[in-house]
Amino acid sequence: MNETVRAPIVAGAFYPGNPDVLRATVESFFQEDAPRPDRKLGSSVGLIAPHAGYPYSGAVAAAGYERVATRGRPEAAVLMGANHTGIGMPLSLSACTAWETPLGQSPVDAGLVARLAESGIPLSDAAFGREHSVEVQLPFLQSIWGTDLPIVPLCVASMPLSDAEETAETIASAIDGRSMLVVASSDFTHYEPDAAARELDRSALEPIRALDGEGFDRIYRERRLSICGAGAILTLLGICRRLGLTKGELVRYATSGDVTGDRGAVVGYASVLFTGEGS
């Protein structure tokens, strides 16, 4: 791994660049009385969280992270982002040793990255250079659990179901036995009228909540959905099934129209939590 820190590229744009303002902004999304036990997570959890600018999707993302926080503290967080630029490989691990936001630096879990690299996932920061989808998740993690929570950033482009299942097997095998938070960073339908976006997103969320990767992949391709993190979502569904996280729950859904009032062309946002049946 490179002895380098990945500097923030969308601070001051997608979220506040001033650390005090950023901390206050993130905290404003959370419920004041929501418990945050300091105990370790009893088992791994999965989460889909959006990655738009905080005025648009911050509350939806926060709702998902808040639900995780009520369950305890993960040992580390695997953050699977999208690839909006097409730069770099379809699947890659960040080779940096830490990622920075205005709230501080989050260390990369070097041991887990090494295991994943040994299993065949390439180490390359090319895809992360202009990619925001992992970075915007970090202030939520840092606000809840501090800057000492280790992370594993991956960039995951859209991929065939077979490739997503192979990647899921690799990641699930590497983290088995640890209490991890595994995040797929994704927005949902882009630039459709509000009613159409909600209908399209309902059709995608139904198989997602059922952890039906094949069903989600079929709908995504047949309906030509504009879900930017589809590869990360497919991979997350495979990881969750392998870890026994068989319960999918839609925590919160909204569109950009709920913020702007413009229903003509919106983006959809969803937080979906995946847990074990008895947890």
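This write-up is about the structure you can find in this document. (Residues numbered from 1 in each chain as written. Predicted model: local features only at pLDDT ≥ 70, side-chain atom pairs only at ≥ 80, totals over all residues. Heavy atoms only, no water.)

Focus on the pattern of salt bridges
Throughout the structure, instances matching the rule amount to 16 salt bridges. A salt bridge links Glu-165 to Arg-242, with the shortest nitrogen-to-oxygen separation between them at 2.8 Å. On the criterion of sequence distance, the pair formed by Glu-165 in helix α5 (residues 161-175) and Arg-242 in helix α8 (residues 230-242) is long-range, its members being 77 residues apart. Through salt bridges with shared partners, a single network forms among Lys-40, Glu-75, Asp-109 and Arg-178. (Salt bridge = Lys/Arg side-chain N within 4 Å of Asp/Glu carboxyl O. Helix = DSSP H or I, 4+ residues; strand = E, 2+ residues; numbered from the N terminus.)

What to know about helix α7 (residues 213-222)
Listed in full, the buried residues belonging to α7 are Gly-213, Gly-215, Phe-216, Asp-217, Ile-219 and Tyr-220. Buried residues in α7 make contact with α5, α6 (194-209) and α8. Backbone geometry just after α7 places Arg-224 at a positive phi near 50 degrees. (Buried < 20%, exposed > 50% of the residue type's maximum accessible area, 1.4 Å probe, protein only. Contact = heavy atoms within 4.5 Å.)

Some words on the packing of aromatic side chains
Overall, the coordinates contain 6 aromatic pairs when judged by the stated rule. Their ring planes at 75 degrees and their centres at 6.4 Å tell us that Phe-29 and Tyr-54 sit as a pair that is edge-to-face. With a gap of 25 residues between them, Phe-29 in helix α1 (residues 19-29) and Tyr-54 in helix α2 (residues 54-69) connect regions that are remote in the sequence. Look at Tyr-54 and you get buried, because its relative accessible area is 3%. Consider the rings of Tyr-54 and Phe-140, whose centres lie 5.0 Å apart with planes at 40 degrees: the pair is tilted. Linking Tyr-54 in helix α2 with Phe-140 in helix α4 (residues 138-145), this pair joins segments that are 86 residues apart in sequence. Comparing Tyr-54 with Phe-140, the two get one shared label, buried. (Phe/Tyr/Trp six-rings, centres within 6.5 Å; stacked < 30°, edge-to-face > 60°.)

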